[in-house]
Amino acid sequence: AAELLDRLERLEEEQVQVLEEQQVQLIQEDLKYTQVDSQESPKEDVVDEGDYAVLRGPFNAELLEEFFATRRIPVALRVAQIVSVGLRIWRVWTSEESLPEEERTRADVLRDSLAGLGPVFLKIGQTLSQRPDIIGEEAADALKSLQSDSPPFPSSTAFAIMAYDLKWNGPIAPNVPCPADADPQGKPLFAYITPEPIASASLGQVYKAKTWDGQTVAVKVQRPGVVKQVALDWFCWNRSLQALAWAWSHDSDLGAIANEVAIGVFNELDYHREAAHADEFNKLHAYLGYVRAPKWLPEYVGEPGKSRVLTMEWIEGKAFCDLPKQKQLLMAQMAVEACVTQMLNTGFVHADPHEGNMLLADNGQLIFLDFGLISRMEPNIMEGFAEGIQYMISGDWYSLSRVFQAVGFVPPDGYFRFDAEGNRVEVSEEEFVGALRNCIESQEGGTSRFGALATGLAALSEDYEVRTPPYIILLCRTFLTLEGMAGTADPTFNIYKASLPYAIRRAMSPSTKQGVQALRNAWLTEQGHLQWDRLESLVSASEEEKEPEPDGEAPEMGEEISSASSAMAERGSQVVSGLLGANEGRTVRRMAYDVDTVNTVYQLASHKESREMGVEVVTDLLRSYLHKAEEKTEFQRWYMSPEAESIQERQDQRKDKIIKFLVKHHFRRLLTGGLRGYGALCIMTLVLFRVVLEAAFRVGSSSAGDLIRAVGTTMRRLLPSLKRPAKDPAPALA
């Protein structure tokens, strides 16, 4: 590493100009497959990967180290090329700082330079294009075209790879030239294929084709030589990080971070793995109803572990940038729900959800594309993540710091900072919590934007020990790109509040024994009394969303955003309330059964905030009841598959039965609770009457009579059933 650094210093000081001249030759040599004339047949080594074919498959650091140990010249040339390009970008960018915007060329230089360095740097550019707050608007705008318009390679090369991988000895389609060495008289593979790619990405490009049975498909072809370049870039990157770790004398294994990223990229190169991921995604998220991945066609995919061709169904739709603002906001919210659901419920996370990998289908479905890069979440991480979102909103910094410990951000054995000499010193929880709060709140949007949170944690890590678990790299990338999309449609979009309904649902449906016990302890005392402070913190968090701006005026919101926001709020309410009837809601159902009825009624009567919340809930229910026959607008409907609608219907029916069961159970408790029970029943009747009446008059005085009659009818039906013996609660609560 020291020898390499010495060489780089000499290159920077003495041979910068020479390197710039050599760069063109190096790129031409390394990327010769991109310069094959489209009218000529590609060279044999473009189709056959030669020695580098052994690097295909799962990421193997030992194999790569051994492979490049005897190939020092390609490594040195690649490092020199990267340094040269970086120096050129820096010089051009700084030299044009004072020029008028219309005279600057640095944006084109940045975009073209990253594109020329290959897929690893393209992916860096794709992520940064969503972060204008980090690199500036000018640089972000320049990199946006990397999302869907990466430089393509010749179609003649792509068709040759199709024939080679699919072992097809004939034309690819009647309308395109036949690959060399194939029988031009043979039957074409497809009935039609676009002569040029319809999209080009960092690792491959896509053609639109039609099979002989009439199905329209998307054919993705991997870039030739991409394994060589990705492997070489990882090796250079890993050695550079090792050199930096040695120079800084830092204990953290920076190489592990490089390995995590490399694992993801190598997985993206395995098309059979990608197809399996798409199948798993559809299976795990079918219950959502509005999101899915395209299905793949095995007969048009190459050999497992080696395939460079992947064929999937073609879905008509529009990209995010082609939608009107209203639909952009709804698509962003659908993406947030889908991604948060992945992180908090299924644990199967699409880790590359940028604009180019999502589509709003013509039927309203949200389509995820490109499943090469995924991450899997452990149950304890999912539960901690859900709790962390709630604590961020409620401002519970102590609980947030403990969640950081649980998920691996902070050492589990305590809180530590580094002194002036770099020594690790243990500090109190109070000190760490104070530093955490200051670092996050000092960032603009620190409690509403994930990017600001990441910046705040980076600042905190300068003085305190804050770790970066490997999984967090992919999760940060997901949230950063999502809030970038949403911010385009609505600058006031708060990704934490958008995620809150799903975080609440996940936090209220633990999947581990420890999580179940922790949830009960958080909401119920040992005597079954409700923890009102917990309830009030959540109420405050949701009310914060409705508070006006400090100047007393709410932010001006266009009609489009207002309509979309209303639809999203309704959706969020459905997500939380639906838990009672869902399979994962058994813990909540059990707590609702076990809570001390008499104590809860007396507490309810003494908490004004709880009564106000009850008024809001009943008001919403009444409005929903009175207007349920009205036709919803286009932007108030989310697509639901027939399967998901059936699941939703069953859950709603189950929820209604459970609510009736719980109401009877708690009324019976009041009637059998002696004098305190009868007193609680009288108090509850008065409170309920007041809440219902106030809600009715909020909706409209004409509704009050109808509502009171409905409540009376319900009570007449309920009271006779309370005389029957209590049933075993287990079947109803399971």
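Before going into details, it helps to say that this report is about the structure given with it. (Residues numbered from 1 in each chain as written. Predicted model: local features only at pLDDT ≥ 70, side-chain atom pairs only at ≥ 80, totals over all residues. Heavy atoms only, no water.)

## Comments concerning the overall build of the chain
Alright, step 1. A tally of regular secondary structure across the chain gives 30 helices and 13 strands.
Alright, step 2. With 734 residues in all, the chain has 49% of them scored as buried.
Alright, step 3. Considering only contacts within the chain whose residues lie at least 6 apart along the sequence, 69% involve residues at least 24 apart.
Alright, step 4. Of the accessible surface of the chain, which amounts to about 36,400 Å², a share of 53% is contributed by carbon and sulfur atoms. (Helix = DSSP H or I, 4+ residues; strand = E, 2+ residues; numbered from the N terminus. Buried < 20%, exposed > 50% of the residue type's maximum accessible area, 1.4 Å probe, protein only. Contact = heavy atoms within 4.5 Å. Areas by Shrake-Rupley, 256 points an atom, 1.4 Å probe, with all protein chains shown as cover.)

## A short note on the pattern of salt bridges
Alright, step 1. Scanning all chains against the criterion turns up 17 salt bridges.
Alright, step 2. For Arg 111, the salt bridge goes to Asp 108, with nearest N and O atoms at 2.8 Å. Here Asp 108 and Arg 111 lie together in helix H6 (residues 106–117), a separation of three residues that amounts to about one turn.
Alright, step 3. Accessibility expressed as a relative area gives 38% for Asp 108, which makes it partly exposed.
Alright, step 4. Between Glu 280 and Arg 376 there is a salt bridge, and its shortest N-O distance comes to 2.9 Å. With a gap of 96 residues between them, Glu 280 in helix H13 (residues 271–284) and Arg 376 in strand E11 (residues 374–376) connect regions that are remote in the sequence. (Salt bridge = Lys/Arg side-chain N within 4 Å of Asp/Glu carboxyl O.)

## Considering helix H4 (residues 61–69)
Alright, step 1. Taken residue by residue, H4 has Leu 64, Phe 67 and Phe 68 as its buried positions. Down the axis of H4, the buried side of the element spans an arc of 85°, and every buried residue falls inside it. The exposed set on the far side of H4, more than 90 degrees from its buried face, consists of Glu 62 and Glu 66.
Alright, step 2. One side-chain oxygen at the N-terminal end of H4 lies 3.2 Å from the backbone nitrogen of Glu 62; it belongs to Asn 60. (Arc of directions from axis to C-beta. Polar contact = N/O pair within 3.5 Å; in protein donor to acceptor, adjacent residues only side chain to side chain.)

## As for the packing of helix H25 (residues 597–606) against helix H27 (residues 642–671)
Alright, step 1. Where H25 contacts H27, the axes come no closer than 9 Å and their chain directions differ by 90°. Between H25 and H27, the crossing angle belongs to the class labelled roughly perpendicular. Of the residues in H27, those touching H25 at Thr 597, Val 598 and Val 601 are His 666, Arg 669 and Leu 670.
Alright, step 2. Class assignment of the residues belonging to the contact of H25 with H27 gives a composition of three nonpolar, two polar and one charged. (Axes fitted to C-alpha atoms, helices over the stretch in contact; angles between N-to-C directions. Parallel < 35°, antiparallel > 145°, perpendicular 65-115°, else oblique. Nonpolar A, V, L, I, M, F, W, Y, C, P; charged D, E, K, R; others polar.)

## Let's talk about the nonpolar core
Alright, step 1. With 73 residues, the main nonpolar core has Leu 366, Phe 368, Leu 436 and Leu 460 as its most contacted residues.
Alright, step 2. If you tally residues by element for this core, the top one is helix H14 (residues 325–346), at 12 residues.
Alright, step 3. Residues within four places of Leu 436 in sequence aside, it is in contact with Trp 397, Leu 400, Ser 401, Phe 404, Leu 457 and Leu 460.
Alright, step 4. Grouped together as the second largest cluster of nonpolar side chains are 32 residues, Val 75, Val 85, Ile 89 and Val 227 included. (Core = buried A, V, L, I, M, F, W, Y, C linked by side-chain atoms within 4.5 Å.)

## Brief notes about the sheet that holds strand E5 (residues 291–292)
Alright, step 1. Here four strands make up an open sheet; going across it, the order is E5-E10-E9-E7 and the pairing mixed. Single-partner strands in this sheet number two, and they are E5 and strand E7 (317–318).
Alright, step 2. Bridge analysis of strand E9 (residues 358–361) against strand E10 (residues 366–368) gives three bridges, and the strand direction is antiparallel. Paired with Leu 360 across the strands is Leu 366, a residue of E10.
Alright, step 3. On top of the sheet, H14 reaches E5, E9 and E10; it is set at about 55° to E10, its chief contact. (Pairing = 2+ DSSP bridges.)

## Here we look at a negative patch on the surface
Alright, step 1. A cluster of acidic side chains, namely Glu 101, Glu 102, Glu 103 and Asp 141, defines a negative patch on the protein surface.
Alright, step 2. Mapped onto the secondary structure, Asp 141 falls in helix H9 (residues 137–143). (Patch = residues over 30% accessible without salt bridge, like charges linked within 9 Å, V, L, I, M, F, W, Y side chains within 5 Å. Lys, Arg positive; Asp, Glu negative; His and termini not counted. Charge placed at Lys NZ, Arg CZ, Asp CG, Glu CD.)

## Re the side chain of Glu 313
Alright, step 1. Tracing the sequence through the fold places Glu 313 in strand E6 (residues 309–313).
Alright, step 2. A polar atom in the side chain of Glu 313 sits 2.8 Å from the side chain of Arg 292.

## Some remarks on helix H17 (residues 429–441)
Alright, step 1. The end-to-end C-alpha separation of H17 is 18 Å, in line with the 18 Å expected for 13 residues at 1.5 Å each.
Alright, step 2. Residues of H17 that are buried include every one of Glu 429, Phe 432, Val 433, Ala 435, Leu 436, Cys 439 and Ile 440, and no others. Projected down its long axis, H17 carries its buried residues within an arc of 165°, all on one side. (Expected span 1.5 Å × (residues − 1).)

## Notes on the packing of helix H5 (residues 72–95) against H6
Alright, step 1. As a packed pair, H5 and H6 sit with axes 9 Å apart at the nearest point and diverge in direction by 170°. The pairing of H5 with H6 is recorded here as roughly antiparallel in orientation. Taking contact as the criterion, the partners of Arg 78, Gln 81, Ile 82, Val 85, Arg 88, Ile 89, Val 92 and Trp 93 in H5 are, on H6, Arg 106, Ala 107, Val 109, Leu 110, Ser 113, Gly 116 and Leu 117.
Alright, step 2. Across the contact of H5 with H6, the residue classes break down as nine nonpolar, three polar and three charged.

## Some words on the packing of aromatic side chains
Alright, step 1. All told, the structure shown has 14 aromatic pairs when counted by the stated rule.
Alright, step 2. Judged by centre distance (6.1 Å) and plane angle (15°), the rings of Tyr 593 and Phe 661 are stacked. Taken together, the residues span a long stretch of sequence, with Tyr 593 in helix H24 (residues 586–594) and Phe 661 in helix H27 at a distance of 68 residues.
Alright, step 3. Taking relative accessible area as the criterion, Tyr 593 reaches 13% and is therefore assigned buried.
Alright, step 4. By relative accessible area, which is 19% here, Phe 661 ends up buried.
Alright, step 5. An aromatic cluster of at least three residues, connected via ring pairs, comprises Tyr 52, Phe 59, Phe 67, Phe 68, Trp 234, Phe 235 and Phe 266.
Alright, step 6. The ring centre of Phe 67 lies 3.7 Å from the NZ or CZ of Arg 71, which sits over that ring.
Alright, step 7. Its end group placed over the ring of Tyr 593, Arg 669 keeps NZ or CZ at 6.0 Å from the ring centre. (Phe/Tyr/Trp six-rings, centres within 6.5 Å; stacked < 30°, edge-to-face > 60°. Lys NZ or Arg CZ within 6 Å of the ring centre and 35° of its normal.)

Remember, this is a structural readout, not a statement about activity or role.
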